Amino acid sequence: MSAGLAPALTSSGWQAALDLRFQRAGRRTVLARCAHQGPLRVQRPFHPEGDRVCHVALLHPPGGVVGGDGLHIQVALDSDAHALITTPAAGKFYRSAGPWADQTQRLTVAADAVVEWLPQETIVYDGARVRTLTRVELHGNAGFIGWDIVCLGRPAAGERFQAGDFHQDFELWRDGEPLYWERGRYAGGDSALDASWGLQGQPAFATLIGAGAPAGVVEAIRAGWTALQARSPEGELVAISQLDGVLIGRYLGPSAVRARQFLILAWSLLRPMLLQRPPCPSRFWAT
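The sections below set out a description of the structure shown in this document. Note that the coordinates shown come from a computational prediction; the quantities given were computed from them, not determined experimentally.

1. Quick word on the environment of Ile264
And then number 1: Tracing the backbone through its elements, the reader meets Ile264 in helix 2 (residues 256-275).
And then number 2: A sequence separation of 18 residues divides Ile264 from Ser282, and the C-alpha atoms of the two residues are 10.0 Å apart.
And then number 3: Apart from the residues lying within four places of it in its own chain, the contact partners of Ile264 are Trp147 and Trp285.

2. Some words on helix 2
And then number 1: Its maximal kink placed at Leu269, helix 2 deviates by approximately 25°, while the proline Pro272 follows within four residues.
And then number 2: Burial in helix 2 covers these residues: Ala256, Arg258, Ala259, Arg260, Phe262, Leu263, Ala266, Trp267, Leu270, Arg271, Leu274 and Leu275.
And then number 3: Measuring from the backbone nitrogen of Val257 back to the side-chain oxygen at the start of helix 2 gives 3.1 Å, which picks out Ser255 as the cap.
And then number 4: Gln276, located one to two residues past helix 2, shows a positive phi value of around 55°.

3. Points about the pairing of strand 18 (residues 246-253)
And then number 1: Burial analysis of strand 18 places seven of its eight residues in the buried class, which makes it a mostly covered element.
And then number 2: Across eight bridges, the pairing between strand 16 (residues 204-211) and strand 18 is antiparallel. The residue bridging Gly210 from the neighbouring strand is Leu247, located in strand 18.
And then number 3: Pairing of strand 17 (residues 237-243) with strand 18 involves seven bridges; the strand directions are antiparallel. Among the inter-strand pairings, Ile240 is bridged to a residue of strand 18, identified as Gly249.
And then number 4: The antiparallel pairing of strand 17 with strand 18 creates a hairpin that spans two residues between the two strands, and Asp244 there sits at a positive phi of about 55°.

4. Digging into the packing of aromatic side chains
And then number 1: All chains considered together, the criterion is met by nine aromatic pairs.
And then number 2: Taking the centre distance of 4.9 Å and the plane angle of 80° together, the rings of Tyr94 and Tyr125 count as edge-to-face. Here the residue Tyr94 occupies a position in the loop between strand 8 (91-93) and strand 9 (101-109), and Tyr125 occupies one in the loop between strand 11 (122-124) and strand 12 (129-138), the gap between them amounting to 31 residues.
And then number 3: Tyr125 sits in the buried class, given a relative accessible area of 15%.
And then number 4: Clustering of aromatic rings is evident, with ring pairs tying together Phe144, Phe170 and Tyr180.
And then number 5: The residue whose ring lies beneath Arg283 is Phe46, and the NZ or CZ to ring-centre distance is 4.5 Å.

What counts as what
- Residues numbered from 1 in each chain as written.
- Predicted model: local features only at pLDDT ≥ 70, side-chain atom pairs only at ≥ 80, totals over all residues.
- Heavy atoms only, no water.
- Helix = DSSP H or I, 4+ residues; strand = E, 2+ residues; numbered from the N terminus.
- Contact = heavy atoms within 4.5 Å.
- Bend = angle between axes of the 7 residues up to and from the residue.
- Buried < 20%, exposed > 50% of the residue type's maximum accessible area, 1.4 Å probe, protein only.
- Polar contact = N/O pair within 3.5 Å; in protein donor to acceptor, adjacent residues only side chain to side chain.
- Pairing = 2+ DSSP bridges.
- Phe/Tyr/Trp six-rings, centres within 6.5 Å; stacked < 30°, edge-to-face > 60°.
- Lys NZ or Arg CZ within 6 Å of the ring centre and 35° of its normal.

Dropping the structure here:
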């Protein structure tokens with residue numbers, strides 16, 4: 001275990017920690033370090049597309065996070081390593097009686113390495129109080145593709161996000177310089193959830209980010225999304241843009257499942273152009 005990992009239990013809840021390091025061993029990317037405390041694990045690493053890319057699924061055995069809990073994830077990739085990190089199921093933040101739940105992810109990627117951070121959706125229950133932070137630090141020509149999918153409330157059960165708070169921060173850096181920052185603040189029952197300039201009454205939203213995206217990728221993804229949108233439910237919106245080599249794709253709509261469909265399509269188009277590898281969807285995304 002790493003000395004920097006959080007204690008397993010505090011008076012307010014579980015503090016689970018996971019510390020991963022990926023290295024290149026010959027032609028193969030391997031999980032060289034896997035230290036954990038509390039209820040946070042990884043499934044056994046596997047290589048469905050050959051030795052070059054190591055696929056790992058993060059496991060949270062309790063199945064959900066409550067107020068006072070904290071998940072702390074550190075991932076480091078050494079030079080020339082390539083890892084695809086996902087989750088086997090949706091993450092869930094349950095209603096809180098008052099305390100906040102926290103989730104932090106810090107990814108450090110050395111030059112010539114690539115990380116794909118592609119977790120399944122986060123479901124924020126009505127009454128939850130959640131703070132999340134994802135910080136990605138790239139060095140040199142390191143590559144990154146990541147996404148984040150959020151559903152406020154449980155629309156399939158008729159539950160809206162009427163109370164609680166959801167704070168979402170994302171930071172992307174290269175060599176100590178910020179490439180992209182985003183701060184999201186969503187209060188249960190707030191007018192912004194229904195406003196035309198806000199979420200427009202839609203519970204699900206998602207973002208796809210690619211660092212170092214080449215010219216032409218925006219048009220390719222836009223064309224693919226247009227074809228998928230032909231079967232879109234009312235009110236569903238998608239957009240894609242590129243600034244200083246950072247590609248940003250957006251989804252807003254009624255379903256986290258639909259959001260995942262759009263992002264998988266975008267990723268399958270972006271990956272060959274950015275990473276020179278064909279798409280190899282995680283088996284978990286089909287469950």
